[in-house]
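Residue-level structure breakdown
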Amino acid sequence: MVEKAKNTGLVLKEPAARCNDKKCPFHGDLKVRGRIFVGKVVSALAKNTATVSWERRHYITKYERYERRRTKVHAHNPECISAKKDDLVRIAECRPLSKTKHFVIVEKLGKVEKVEGIEEKPEETAKQKEKKEKKDDKKEQKVAKERKGK
Ligand SMILES: [Zn+2]
């Protein structure tokens, strides 16, 4: 008999895989309630756990502007979803699953593009720096030549 995945009460794409995880909102006993967020997986090293981070805007009254703040939570990563680092995921609040986990990943939304600005690639910045330095060198050389010419 093919067991149907449980209805989570959310409008989501059900995971294609199946799992025996008790703490899975589709195939286990876990109920989701509360807030829902979309974030990026910054770490998925711990077993069945992912660290999810997203940006929010915080208003500063004095300057009448927003600053960017980041929220980071631990979320349960069911085996049927098994999100990897840099995945964009939707997480839903649930009962406390451990000391620090009270969210569960309910949907994978694909990969995060690096352009989003959540995390900059150190390699790129290094390359850019090199380019800049090269340009500067050329400029200096030109200046030196001109001086010599005079
Ligand atoms: Zn599952």
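Residues numbered from 1 in each chain as written. Predicted model: local features only at pLDDT ≥ 70, side-chain atom pairs only at ≥ 80, totals over all residues.

Below, the discussion takes up the overall build of the protein. When helices and strands are counted, the protein shows one helix and five strands. When burial is assessed residue by residue, the protein has 21% of its 150 residues classed as buried. Once local pairs closer than 6 in sequence are excluded, the contacts in the protein between residues at least 24 apart make up 52%. (Helix = DSSP H or I, 4+ residues; strand = E, 2+ residues; numbered from the N terminus. Buried ≥ 20, exposed ≤ 12 C-beta atoms within 10 Å, placed from the backbone. Contact = placed C-beta atoms within 7 Å.)

To continue, consider the sheet that holds strand S5 (residues 101–111). As summarised here, the arrangement of the five strands in space is S1-S2-S3-S5-S4, forming a closed barrel in which the pairing is mixed. Across this sheet, the average inter-strand angle for adjacent strands is 45°, counted without regard to direction. In this structure, strand S2 (residues 49–60) lies alongside strand S3 (residues 65–76), joined through 12 bridges in antiparallel fashion. The residue of S3 that forms the bridge with Ala50 is Ala75. (Pairing = 2+ DSSP bridges. Axes fitted to C-alpha atoms, helices over the stretch in contact; angles between N-to-C directions.)

Bringing the pairing of S3 into the picture now. Regular strands show a simple pattern: their side chains alternate between the two faces of the sheet. Connecting S2 to the next strand, S3, in antiparallel fashion are four residues, including Glu64 with a positive phi near 50°. Here S3 pairs with S5 via two bridges, running parallel. Within S5, the position partnered with His74 by the bridge is Lys101.

Excluding glycine, residues mostly carry a negative phi; peptide bonds, for their part, are mostly trans. Phi at Ser82 is positive, roughly 35°, even though this residue is not glycine. Looking at the element boundaries, Ser82 is found in the loop between S3 and strand S4 (87–94).

As a further point, take the confidence of the model for the protein. Averaged over all residues, the pLDDT of the protein equals 83, while 81% of them reach at least 70. Note that pLDDT drops below 50 for residues 117–121; the model gives that stretch five contacts with residues more than four away or on any other chain. (pLDDT = per-residue confidence, 0-100.)

Another point: the nonpolar core. In terms of nonpolar packing, the biggest core is built from 18 residues, with Ala50, Ala75, Ala83, Ile91, Val104 and Ile105 touching the most fellow members. Listed by contribution, the elements that provide at least two residues to this core are S2, S4 and S5. Sequence-distant contacts of Ile105, defined by excluding residues within four places in its chain, comprise Ala50, Ala75, His76, Asn77, Pro78, Ile81, Ala83, Val89 and Ile91. (Core = buried A, V, L, I, M, F, W, Y, C linked by C-beta atoms within 7 Å.)

Turning next to the environment of Lys84. By secondary structure assignment, the location of Lys84 is in the loop between S3 and S4. On the neighbour-count criterion, Lys84 (12 C-beta atoms within 10 Å) is exposed. Once the C-alpha coordinates of Lys84 and Lys108 are considered, the two residues, 24 residues apart in sequence, prove to be 9.6 Å apart. Apart from residues lying up to four places away in sequence, Lys84 is in contact with Val41 and Ala44.

Right, let's talk about the pairing of S2 for a bit. By the bridge criterion, three bridges tie strand S1 (residues 32–43) to S2 in an arrangement that is antiparallel. Counterpart to Lys40 in the pairing with S2 is Ser53. Between S1 and S2, which pair antiparallel and follow one another directly, the connecting turn spans five residues, one of which, Asn48, has a positive phi of 55°.

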